[in-house]
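Okay, here's what each chain looks like letter by letter:
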Amino acid sequence: AKITEALLKERDKQAKWNGIPLLLQKLYEHSHPNSDFSQCQSILKEISPLLSMEAMAFVTEDRKAAQESTFPNTYTFDLFGGVDLLVEILMRPTLITQKKKQKISDDLIKDCLSILYNTCICTEGVTRRLAERNDFVLFLFTLMTNKKTFLQTATLIEDILGVKKEMIQLDDIPNLASLVSSFDQQQLANFCRILAVTISELDTGSDDKHTLLAKNAQQKKNLGPSRAEINQATLLNIPGFIERLCKLATRKVSETTGTSSFLQELEEWYTWLDNALVLDALMRVANEEAEQSSTESSDESGLANTSTRTQLPQSMKIMHEIMYKLEVLYVLCVLLMGRQRNQVHKMIAEFKLIPGLNNLFDKLIWRKHSASALVLHGHNQNCDCSPDITLKIQFLRLLQSFSDHHENKYLLLNSQELNELSAISHKANIPEVDAVVNTDRSLVCDGKRGLLTRLLQVMKKEPAESSFRFWQARAVESFLRGTTSYADQMFLLKRGLLEHILYCIVDSECKSRDVLQSYFDLLGELMKFNIDAFKRFNKYINTDEKFQIFLNQINSSLVDSNMLVRCITLSLDRFENQSDAKVAEVLSECRLLSYMSQMSMRMSFLFRLINIIHVQTLTQENVSCLNTSLVILMLARRKEKLPFYLRTLQQMEYTEKYPGFILNNFHSLLRFWQQHYLNKDKDSTCLENSSCISFTYWKETVSILLSPDRTSPCAIVSYIDEAYMDIDRDFSEE
């Protein structure tokens, strides 16, 4: 404002400012507190194209290359205070007393927002600066009540929240409940996109990779609920919020808005999408559809045009719906994994989310799409960024968190399938599971198949290298988790699941570590304590060669396969204590059970399980190795063989010429185990349910092993020579 116009004009040509400083000076003069902003709009109309060209270039060029190049116009705009000036113009009405409220026109707001967004995209640091202004961030939410400026506002908020260091408190947003109730379904879906950032813990992405020491230290620091948890509770308290999300998640494409308004939205939608190129992809699909129909009947030249006109909205509608469902399923999934899990479960069941998704399964979620369908530039259709693929993964994650340790999981079946579970229990002469009896039949899936059965069908057809296999296996495994249910296992065994998993592990010699781990975990849950499953296993793995491949896969990474090793050990122990002719027959014939019944094999597993983990490297993912080694020793203790096992470990150390290295490590691991498990209730029930060994027995066994009495035959210290003793170190969190 203080620099003379002449000086600015003179420098403008040399510096290639494109007249931006002069325009800003004019804007500043016309936006003083008493102005009516009438001139501002025309000035912004001059500035806007200069910046949007750069933003478009940034979005359409390769992002990496774009970041290295400079964006002079947006940089100049920010350098001369343009960003702060626009924020001031937008927020001016909030500063003025009620009497003379200024009204800024929707178009002016739109222009301000889109210029800010374009500057954020192109100029480093602008988004962060805006994010630090809490008053501005909360003010932006109030602009969302206006339909005309909704999309521009949503886009800017999403960008700002993405870089904000402190998570915002949804409670601070003025009139949040009435804001949300003013949204139509489409706005609500877009709002979910913004909510995603406010309800997810900031570093959950690599949850399995954080060491437990670090996590425990963090938990001691954070005594209260986190911001994300508080925000989740805030959302659940908004009347009708979950019900609307369930409706959005389950509505059919045909129920969405009519074509005419849809096409008007598209222009807006185009600016809103984080990848403006989806539109090009849609155009391409539409053109291909048009070409196909014109080649099919080349004599009717008019046909191609009508086809493009009618088909385009349909392709776009599907795409639109997929983008929305993605956001909604993500929010539901996070809430299902949060502190209010049971409340969310109840609501989701009541609003029939599961039957609704079941009805969409073939047409939308797992639809067969043409080869080119909606692949973004520079991506192939199997890469994880395409919306089709992200929707499938999000859907599978939702199923996983829905059925994990919760009796509502039986809603994934339909009525006939529930009857089948009851019949399996009657036939085997075992009581029905309470949860099956108590399932409200009016809330289960309808149609020929329930969601679980549909999932099994697509799972079997999945190509060997598909990235979905991991998520599919996780979803089915979570259905089996918790207390072992014979009927659930038989239901899946009858549908050929065991053979499918073994085919993938053995015949296709799956190489992906993640997929293998999910298959081993699923196999463990499917076979645990189930003599029929072991019989089927033996029938499929019917040659020494196949069995060897199976063992190689198990041994290639015990971190991935230890849950299966635990299942076989527990099952073997139970079978050996049964006096049933069928069990005795399988015990004598089954390769897997015979292999595990050899003491030397169990010792070899135990030795390696303890050797691959250390207190400093324990994570959520590998701590199961410690629990599996404990299971092996608890079963030994039951048979009064604990001293024998410990002595054998000591001998194995000597053979390796490194006395004490296993037992010292094991001693530290068990001390950590006490710290970790004795102050949490959830984990202990999981350990009990999965092993059928009471938690008291777990605790006793650990205490006996850690006894300081060197004369006790069951204490680890009795087997470490004084010279090699190294057990008193404290764990540090570093």
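Residues numbered from 1 in each chain as written. Predicted model: local features only at pLDDT ≥ 70, side-chain atom pairs only at ≥ 80, totals over all residues. Heavy atoms only, no water.

Q: Describe the overall build of the protein chain, naming the residues involved and giving the relevant values.
A: When you go through the protein chain residue by residue, the secondary structure sums to 39 helices and zero strands. In the protein chain, which comprises 734 residues, the share counted as buried stands at 55%. Long-range contacts, defined here as pairs at least 24 residues apart, represent 76% of the contacts in the protein chain between residues at least 6 apart. Looking at the protein chain as shown, the accessible area adds up to about 33800 Å², and 51% of this sits on carbon and sulfur atoms. (Helix = DSSP H or I, 4+ residues; strand = E, 2+ residues; numbered from the N terminus. Buried < 20%, exposed > 50% of the residue type's maximum accessible area, 1.4 Å probe, protein only. Contact = heavy atoms within 4.5 Å. Areas by Shrake-Rupley, 256 points an atom, 1.4 Å probe, with all protein chains shown as cover.)

Q: Account for the nonpolar core, naming residues and giving values.
A: By size, the foremost hydrophobic cluster in this structure holds 220 residues, and its most contacted members are Phe136, Phe141, Met144, Phe395, Leu492 and Phe550. Here the element with the most residues in this core is helix H18 (residues 303–336); it accounts for 12 residues. Those residues in contact with Phe141, other than ones at most four positions away along the chain, are Ile157, Leu161, Ile168, Ile173, Leu179, Phe191 and Ile194. (Core = buried A, V, L, I, M, F, W, Y, C linked by side-chain atoms within 4.5 Å.)

Q: Please provide a residue-by-residue account of the side chain of Glu321, values included.
A: Its place among the elements puts Glu321 in helix H18. A polar side-chain atom of Glu321 sits 2.9 Å from a polar atom in the side chain of Arg251. Separated by 2.7 Å, the side chains of Glu321 and Lys325 make a polar contact. (Polar contact = N/O pair within 3.5 Å; in protein donor to acceptor, adjacent residues only side chain to side chain.)

Q: Describe in detail unusual backbone geometry, supporting the description with residues and values.
A: At Lys352, a position not held by glycine, the phi torsion is positive, near 55°. If you trace the backbone, Lys352 turns up in the loop between helix H19 (341–350) and helix H20 (353–365). You will see that Phe529, though not glycine, has its phi angle at about 60°, which is positive. One can find Phe529 in the loop between helix H28 (513–527) and helix H29 (531–540).

Q: Account for the side chain of Thr198, naming residues and giving values.
A: Tracing the sequence through the fold places Thr198 in helix H12 (residues 185–199). Residue contacts for Thr198: discarding those within four places in its chain leaves Leu161, Met167, Ile168, Leu170, Ala228 and Asn231.

Q: Lay out empty space enclosed by the protein in plain terms, naming residues and giving numbers.
A: A probe matching the size of a water molecule, rolled over the atoms, marks out where space remains unfilled. Under the definition given, this model contains five cavities of 30 Å³ or more. Those elements that place two or more of their residues in the lining of the largest cavity are H28 and helix H31 (558–576). Among the residues making up the lining of the largest cavity, the classes are represented as two nonpolar, two polar and five charged. (1 Å grid on protein atoms, 1.4 Å probe; cavity = no way out; pocket = protein on both sides within 12 Å on 5 of 7 lines; lining within 4 Å. Points joined across faces, edges and corners; volume = space filled by probe spheres on them. Nonpolar A, V, L, I, M, F, W, Y, C, P; charged D, E, K, R; others polar.)

Q: Describe the packing of helix H2 (residues 20–30) against helix H5 (residues 72–79), with residues and values.
A: The contact between H2 and H5 brings their axes to 9 Å, and the two run at 40°. The orientation of H2 with respect to H5, classified from their angle, is oblique. Of the two elements, H2 crosses H5, and the hand of that crossing is right-handed. Counted together, Ile20, Pro21 and Leu24 of H2 and Asn73, Thr76 and Phe77 of H5 form the full contact between these two elements. Looking at the contact of H2 with H5 residue by residue, the classes come out as four nonpolar, two polar and no charged. (Axes fitted to C-alpha atoms, helices over the stretch in contact; angles between N-to-C directions. Parallel < 35°, antiparallel > 145°, perpendicular 65-115°, else oblique. Left-handed = near helix turned anticlockwise from the far one by under 90°.)

Q: Go over helix H10 (residues 150–163), please, and point to the residues and values.
A: Here H10 contains 14 residues, and its C-alpha end-to-end distance of 21 Å stays within 8% of the 20 Å for a straight helix at 1.5 Å per residue. Among the 14 residues of H10, 10 are classified as buried, and the element is accordingly described as predominantly covered. Inspection of H10 places Phe150, Leu151, Gln152, Thr153, Ala154, Thr155, Leu156, Ile157, Ile160 and Leu161 among the buried residues, and these make up the whole buried set. (Expected span 1.5 Å × (residues − 1).)

Q: Which residues make up the packing of aromatic side chains, and what values do they have?
A: Tallying each qualifying case throughout the model produces 18 aromatic pairs. By way of ring pairs, the aromatic residues Phe141, Phe150, Phe183 and Phe191 are connected into one cluster. The ring of Phe479 carries the charged tip of Lys409 above its face, separated from the ring centre by 5.1 Å. The ring of Tyr540 has Lys546 lying over it, and the distance from NZ or CZ to the ring centre is 4.5 Å. (Phe/Tyr/Trp six-rings, centres within 6.5 Å; stacked < 30°, edge-to-face > 60°. Lys NZ or Arg CZ within 6 Å of the ring centre and 35° of its normal.)

Q: Help me get a handle on the packing of H28 against H31, residues and values and all.
A: In a packed pair of helices, the relevant descriptors are the angle between the two axes and the axis-to-axis distance. Between H28 and H31, whose axes approach to 7 Å, the crossing angle comes to 15°. In terms of axis orientation, H28 runs roughly parallel to H31. As for how H28 packs across H31, the hand of that crossing is left-handed. Of H31, the residues touching H28 (which contributes Arg513, Gln517, Phe520, Asp521, Leu523, Gly524 and Met527) are Val559, Asp560, Ser561, Met563, Leu564, Cys567 and Ser571. For the contact of H28 with H31, the per-class residue count stands at seven nonpolar, four polar and three charged.

Q: So what about the pattern of salt bridges? Which residues, and what values?
A: Counted by the stated rule, this structure contains 31 salt bridges. In this structure, the salt-bridge partner of Glu243 is Lys247, at a minimum N-O distance of 3.6 Å. In this pair, Glu243 and Lys247 are both assigned in helix H15 (residues 241–250), four residues apart and thus about one turn of the helix distant. Through salt bridges with shared partners, one network takes in Asp404, Arg474, Glu477, Arg481 and Asp521. (Salt bridge = Lys/Arg side-chain N within 4 Å of Asp/Glu carboxyl O.)

Q: Run through the environment of Arg513, naming residues and quoting values.
A: As for its position among the elements, Arg513 is in helix H28. In this structure Arg513 comes out as partly exposed when scored by relative accessible area, which is 35%. Sequence-wise, Arg513 and Ser556 are 43 residues apart; in three dimensions their C-alpha atoms are separated by 9.6 Å. Apart from residues lying up to four places away in sequence, Arg513 is in contact with Ser556, Ser557 and Asp560.

Q: Just give me the short version of the environment of His426, but keep the residues and values in it.
A: Positionally, His426 belongs in helix H22 (residues 415–427). Under the relative-accessibility criterion, His426 is labelled exposed at 55%. A C-alpha to C-alpha distance of 9.5 Å links His426 and Ala487, two positions 61 residues apart in sequence.

Q: Would you mind going over the environment of Phe361 in detail, with residue names and values included?
A: Here Phe361 shows up in helix H20. Along the sequence, Phe361 and Lys392 sit 31 residues apart, while their C-alpha atoms lie 9.8 Å from each other. Leaving out residues up to four positions away in the same chain, Phe361 has contacts with Trp366, Arg367, Phe395, Leu451, Arg454, Leu455 and Val458.

Q: Would you mind going over the confidence of the model for the protein chain in detail, with residue names and values included?
A: Considering every residue of the protein chain, the mean pLDDT works out to 84; 83% of them sit at 70 or more. Across residues 258–264 the pLDDT falls below 50, and counting only partners more than four positions away or on other chains, this stretch makes eight contacts in the model. Predicted confidence for residues 267–282 stays below pLDDT 50, and this span has 40 contacts to residues more than four positions away or in other chains. (pLDDT = per-residue confidence, 0-100.)

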